[in-house]
Structures are given as C-alpha cells and as structure tokens.
Amino acid sequence: EDRKQGLAAFQDSLQSVTYQQALGSVWDKCIRVAELARVIANRLGVDAGLATRAAALSKCDLMTRMVGEFPELQGIMGRYYAIAQGESAEVANALDEFYQPRFAGDAIAPSRLGQVLAIAEKLDTLAGMFAIGQKPTGNKDPFSLRRNALGLARTLIEGGLDLDLNALLREAIAAISTDGLDAKANDLYDFITDRLRGYYADQGLRADAFEAVLAVRPSSLRDFDRRIRAIDVFTKQAEAESLAAANKRIGNILRQAGEKQFAIAERIDAALLDAGAETDLANALDAAIRDVTPLMAEHRYVETMQRLAQLKPVADAFFDGVMVMVDDPAKRGNRLSLLRALRTQFLAIADIGLLG
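Conventions we followed
- Residues numbered from 1 in each chain as written.
- Predicted model: local features only at pLDDT ≥ 70, side-chain atom pairs only at ≥ 80, totals over all residues.
- Heavy atoms only, no water.
- Disulfide = S-S within 2.5 Å.
- Buried < 20%, exposed > 50% of the residue type's maximum accessible area, 1.4 Å probe, protein only.
- Axes fitted to C-alpha atoms, helices over the stretch in contact; angles between N-to-C directions.
- Helix = DSSP H or I, 4+ residues; strand = E, 2+ residues; numbered from the N terminus.
- Parallel < 35°, antiparallel > 145°, perpendicular 65-115°, else oblique.
- Left-handed = near helix turned anticlockwise from the far one by under 90°.
- Contact = heavy atoms within 4.5 Å.
- Nonpolar A, V, L, I, M, F, W, Y, C, P; charged D, E, K, R; others polar.
- Polar contact = N/O pair within 3.5 Å; in protein donor to acceptor, adjacent residues only side chain to side chain.
- Phe/Tyr/Trp six-rings, centres within 6.5 Å; stacked < 30°, edge-to-face > 60°.
- Lys, Arg positive; Asp, Glu negative; His and termini not counted.
- Salt bridge = Lys/Arg side-chain N within 4 Å of Asp/Glu carboxyl O.

1. Looking at the state of the cysteines
(1) Moving on: With the rule as written, the count across this model stands at zero disulfides.
(2) Moving on: No disulfide involves Cys 30; its sulfur sits 6.5 Å from the nearest other cysteine sulfur, which is in Cys 60.
(3) Moving on: For Cys 30, a relative accessible area of 3% puts it in the buried group.
(4) Moving on: Since its relative accessible area comes to 0%, Cys 60 is described here as buried.

2. Thoughts on the packing of helix 16 (residues 277-297) against helix 18 (residues 312-321)
(1) Moving on: Packing of helix 16 against helix 18 brings their axes to within 8 Å, and their N-to-C directions diverge by 150°. For the element pair helix 16 / helix 18, the angle class is roughly antiparallel. Like other packed secondary-structure pairs, helix 16 and helix 18 cross with a definite hand, here left-handed. Residues Ala 277, Glu 278, Asp 280, Leu 281 and Ala 284 of helix 16 pack against Val 314, Ala 315, Ala 317 and Phe 318 of helix 18.
(2) Moving on: Taken together, the residues of the contact of helix 16 with helix 18 sort by class into seven nonpolar, no polar and two charged.

3. A word on the side chain of Gln 20
(1) Moving on: Turning to its location among the elements, Gln 20 is positioned in strand 1 (residues 18-20).
(2) Moving on: Within the structure, the side chain of Gln 20 is placed 2.7 Å from the backbone nitrogen of Ala 22, a separation counted as a polar contact.
(3) Moving on: Not counting chain neighbours up to four residues away, the residues in contact with Gln 20 comprise Met 129, Ile 132 and Phe 143.

4. Examining the packing of aromatic side chains
(1) Moving on: All chains considered together, the criterion is met by eight aromatic pairs.
(2) Moving on: Look at Phe 130 and Phe 191: their rings are 5.2 Å apart centre to centre, the planes differ by 55°, and that puts the pair in the tilted class. Of this pair, Phe 130 sits in helix 8 (residues 112-131) while Phe 191 sits in helix 11 (residues 181-194), placing them 61 residues apart in sequence. The pair formed by Phe 130 and Phe 191 is uniform in burial state, with each residue classed as buried.
(3) Moving on: Pairing Tyr 200 with Phe 210 gives two aromatic rings, centres 6.4 Å apart and planes at 45°, and the pair type is tilted. Of this pair, Tyr 200 sits in helix 12 (residues 196-201) while Phe 210 sits in helix 13 (residues 207-214); the two residues are 10 residues apart in sequence, bridging distant segments of the chain.
(4) Moving on: Classification of Tyr 200 by relative accessible area gives buried; the value is 1%.

5. Overview of the side chain of Arg 332
(1) Moving on: Its place among the elements puts Arg 332 in helix 19 (residues 329-346).
(2) Moving on: No salt bridge forms around the buried Arg 332; measuring N to O, its nearest opposite-charge neighbour Asp 327 is 5.5 Å away.
(3) Moving on: When residues no more than four places from it in sequence are discounted, the contact partners of Arg 332 are Phe 262, Val 324, Met 325, Val 326 and Asp 327.

6. Notes on the packing of helix 4 (residues 48-57) against helix 7 (residues 89-97)
(1) Moving on: With their axes 9 Å apart at the nearest point, helix 4 and helix 7 run at an angle of 45° to one another. It follows that helix 4 is oblique to helix 7 by the angle criterion. Seen along the crossing, helix 4 lies across helix 7 with a hand that is right-handed. Facing helix 4, whose interface residues are Leu 50, Arg 53, Ala 54 and Leu 57, helix 7 presents Glu 90, Val 91, Ala 94 and Leu 95.
(2) Moving on: Tallied by class, the residues present in the contact of helix 4 with helix 7 amount to six nonpolar, no polar and two charged.

See the structure below:
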C-alpha cells in the first residue's frame with residue numbers, strides 16, 4: 001500500500017503533523033533542513049540538488065504504514081521506498097544514514113551526502129530548541145538534544161569536515177528567530193562542545209588539554225580535534241613545561257595591567273625599545289611569527305608549539321632584565337604591547353597556560 005503512493009506523496013501529510021508548537025509542522029522542519037543542507041553541501045563541494053532532495057524526503061517514511069507499525073524502521077524504510085520510486089542510490093542511502101549515530105558507539109553516516117543531511121538535521125533540532133528557550137534542564141531532554149549535539153560533533157570531527165560551526169549555528173538559529181542571536185549561538189556552541197568532554201576522556205586525552213583548546217573556541221570542531229591531539233603529543237615533550245610557564249607569566253602581567261587600567265599601545269614602536277633584552281625579544285618574536293605562520297596555515301600545531309617554545313630563553317632574559325611596569329607610560333604601554341603580541345602567538349592554538 002505504501003508503494004502504491006510513493007514516498008514523495010507523503011509530503012503533504014507532513015504539513016498536518018506538529019513537530020513542536022513554536023516550530024511548526026514536520027514539513028516546516030524539512031524545509032529548514034533542506035536549506036541548511038543546501039548551504040552545507042555547497043561549502044563541502046557536495047551536490048546541493050541531491051542534498052535538498054534528500055532533505056525533502058527525509059521524514060516522509062514516518063507517515064507510511066510500515067513505519068507506523070514498526071517505528072524502529074524509520075530511515076530504513078525511507079531508503080527502500082526511495083529506491084523503489086527511482087531515487088538515486090545516494091539519496092536513498094542518505095535517508096537512512098542521516099539518523100546516524102543512532103546510539104552510543106554507533107558509527108557516523110558513511111557517505112558525504114549522508115553526513116550533510118545528518119549535520120543539517122541535527123543543527124535544526126538543536127537550533128530550534130535553543131531559539132525558543134527549550135534547552136535541556138537536569139535529566140529532562142525530550143528532543144534528545146544531548147545525543148544530537150554529540151552526533152553533530154562526531155560527524156564533523158570523524159568525517160573530517162572543516163566547517164565553521166559558529167556560522168552554521170547562527171544561520172540555523174536565524175532561520176527561526178534573530179532575537180538574541182549571538183547569545184543563543186554562543187550558548188549552543190558551549191552546549192555542543194561540552195558533550196566532547198566525555199568523548200575525549202573516553203579516548204584517554206587529558207582534561208586540561210581539552211580546557212586549553214576550549215579557551216580559544218575554535219570555530220571548526222575538526223580543527224578543535226587537531227589541536228587537542230597536537231597538545232596531547234606536545235605535552236609529552238620537554239618543551240611543554242617551558243611554553244606553559246612563559247604563557248602563565250605573561251598572562252599574569254597582562255592581567256595586572258588590566259586591573260590597574262594601564263594603557264597598552266596598539267602596536268609595538270621599535271623606537272621605544274631599549275637595546276638588549278627588550279630588542280632581542282622583539283626580534284625573536286618577529287622571527288618566530290615568520291616561522292609559525294606557514295605552520296599554522298598547514299595545521300602543523302606540534303611544530304608550531306615547538307617553535308614558540310624556543311622563545312622561552314629570550315623571554316626569561318626580558319623578564320630578568322626589563323621592568324615592564326615602569327613609570328613612563330609610553331615605555332610601559334610599548335612593553336605591554338610586546339607581551340600581548342607574544343601571548344597572542346601562545347594563544348594561537350590553545351591557552352597553554354591552562355596545562356597542569
């Protein structure tokens with residue numbers, strides 16, 4: 001009986017099924033997911049037409065007699081019915097794959113199109129609930145937002161997808177409401193990344209490494225993964241302690257300057273640098289920046305941190321021989337600017353000062 005109608009014929013009936021009172025019908029959700037899937041597909045070089053087609057059919061099998069009788073077959077029947085009505089194998093498989101991971105330990109969607117649809121579906125679910133102020137509290141999570149958040153993060157990381165999560169969150173939330181957009185997007189980013197604590201702990205990665213990366217809020221979770229794994233490697237090397245110590249020392253000085261409301265020069269003025277340790281540090285920093293810029297562009301984070309750790313001796317000489325908080329406001333501001341530039345490099349990958 002289902003096949004007599006064809007999968008696409010069930011689209012009209014989705015309009016009469018409420019997804020969530022403030023978010024409209026299941027069909028309204030399909031439309032939002034289709035737009036997100038189109039955007040994501042274009043950014044990943046996936047066929048956007050197939051992505052929107054899959055999104056449009058993604059919920060149709062919920063209205064079939066087969067899934068009505070056996071709810072656990074949702075997605076599976078979508079795939080069978082899509083094949084039966086002549087849809088491409090890519091679209092048919094995506095209708096099943098986008099539910100993945102379905103449970104703890106399940107794999108992510110194997111195909112790129114399935115991953116695109118999975119990301120779009122989970123994004124809309126999360127964005128919708130956060131947009132209307134329905135994020136989980138305590139043990140209550142009727143829309144499985146925690147599972148969706150981890151599934152989204154895993155798909156981005158394990159799929160090797162360098163997508164700007166912050167941009168996607170803003171786009172997904174804006175499709176529903178623009179009120180408090182920045183705050184809601186930041187809140188949702190925190191909610192998603194918080195799911196990764198257990199994910200990395202299960203893999204034996206250090207909790208302080210996770211906090212160090214989270215402190216700089218990478219926009220790509222794929223890049224988040226690169227950074228935390230690089231730190232895991234780097235912290236086992238001799239240079240790690242030196243880099244962390246220098247970072248903490250600089251952070252403390254800049255924090256004290258902020259508390260005292262000391263002005264920091266916008267840029268370093270070479271004419272105000274004293275000969276010796278101060279000029280040596282400025283020159284060493286310039287050389288380090290030239291060296292690490294191409295390394296950062298290629299995500300060679302371990303090598304970047306190793307190169308920055310080489311600044312420790314010249315930084316120590318600066319602290320031993322130069323008074324940062326001098327009375328002369330111009331010199332003080334210039335020296336603080338130098339330390340800020342140095343700390344900016346230290347924070348390029350993670351807040352190394354948070355490492356124990």
